[in-house]
Structures are given as C-alpha cells and as structure tokens.
Amino acid sequence: DRRVILTGDHVLPTVYPGLGLGGDLGTNPLADYLASLRRLEPYDDYEVVPGHGYRFTGLGIRRRGAARHALRRAREVREIIGREPGATTWEVASQLTWSAGWENMQSGFLLFSGLSQTEMYRAFVESGGLESADAVAFGQA
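Residues numbered from 1 in each chain as written. Predicted model: local features only at pLDDT ≥ 70, side-chain atom pairs only at ≥ 80, totals over all residues. Heavy atoms only, no water.

### Observations regarding unusual backbone geometry
Our working rule: What counts as a helix is a DSSP run of H or I of at least four residues, what counts as a strand is a run of E of at least two, and both are numbered from the N terminus. Relative accessibility decides the category of a residue: with a 1.4 Å probe and only protein chains considered, values under 20% of the type maximum give buried, values over 50% give exposed, and everything between is partly exposed.
The backbone of arginine 3 sits at a positive phi, close to 60°, despite the residue not being glycine. For arginine 3, the position within the fold is in the segment before strand 1 (4–8). For arginine 3, a relative accessible area of 40% puts it in the partly exposed group.

Now the structure itself:
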C-alpha cells in the first residue's frame, strides 16, 4: 500500500552488485539477474529500500542501468573471445575494463571475484545469453 519495495543487494543506488559469487546454483547468475530485473518492472515507481546505501526512487531507471552495465560487460567478453577463441579466463579478464584496473586486482578477493565473474560472463555469452529474451528486452543484444 505504501509503494515501497525492499531490494536488498539486488538493486543498489550507486553501485552494481557482484554476481555469481555465491557458489554454483546450476544456472548462470547473469541470466538469473537479468530475468529478476525484468520481474521488478511493475514496481518501477516504488520507493526503493536497498541493502546498502540509501532509500531512492527511480527503480526503473536504476534496474535498466544495471542491466545495461551487465550486458556491456557481456559484449566486452564476446568481443575478446571472438578475437581470441582459445583465450583462458585469465587472458579474457586481463583485457576487460575494471573500475579498479586489472593491475590492482592481482591478489586476494578482488582477483577471485574478477576471475569468477569473467567465467560467468563467458558462459553466458557462449550459451547465447546475449540473444536471450531478457537481453533483448533491455535492448542490448
């Protein structure tokens, strides 16, 4: 009745959540994330209460931005493996655009996260995820 939605870490006001770091669930976390972002569409005009940050309005804008962000990375992976089909996950990850810069991600959790996410994106691309209904719905195929 109050037009408020609790999004947890699913949709955040200023950063995008890390995907695929919770273990193998038998599906591609990126595909699941895109589908879940689409399911939020009926709530686009609700006030959002996220797991981190602050309350905000504009869920529609933010969820579409999150989808575009993820799909931009998927296209970047597609471009690299198109040029270098036999590239390892490390080789692909080292060519991606990282906000902290790849050179600053060479140990610990950041490295684990970067390699895990690169592998997730690669699996998404290789399974045809950029041609999926969810990717097409966000206009980013």
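That shown, we press on.
### A closer look at the pattern of salt bridges
This is how the line gets drawn: For this analysis, a salt bridge means a side-chain nitrogen from Lys or Arg found within 4 Å of a carboxyl oxygen belonging to Asp or Glu.
For the structure shown, the criterion picks out nine salt bridges. Residue arginine 3 is joined to aspartate 45 by a salt bridge in which the shortest nitrogen-to-oxygen separation is 2.5 Å. With arginine 3 in the segment before strand 1 and aspartate 45 in the loop between helix 1 (29–39) and strand 2 (47–50), this pair connects stretches of sequence that are 42 residues apart. Salt-bridge contacts for glutamate 126 lead to arginine 122; the nearest nitrogen and oxygen are separated by 3.2 Å. Within this pair, glutamate 126 and its partner arginine 122 are both found in helix 4 (residues 108–126), separated by four residues, close to a single helical turn. Using a relative accessible area of 53% as the deciding quantity, one classes glutamate 126 as exposed. The exposure class of arginine 122 is buried, given its relative accessible area of 9%. Beyond isolated ion pairs, a larger network of salt bridges with shared partners links Asp44, Arg63 and Arg64.

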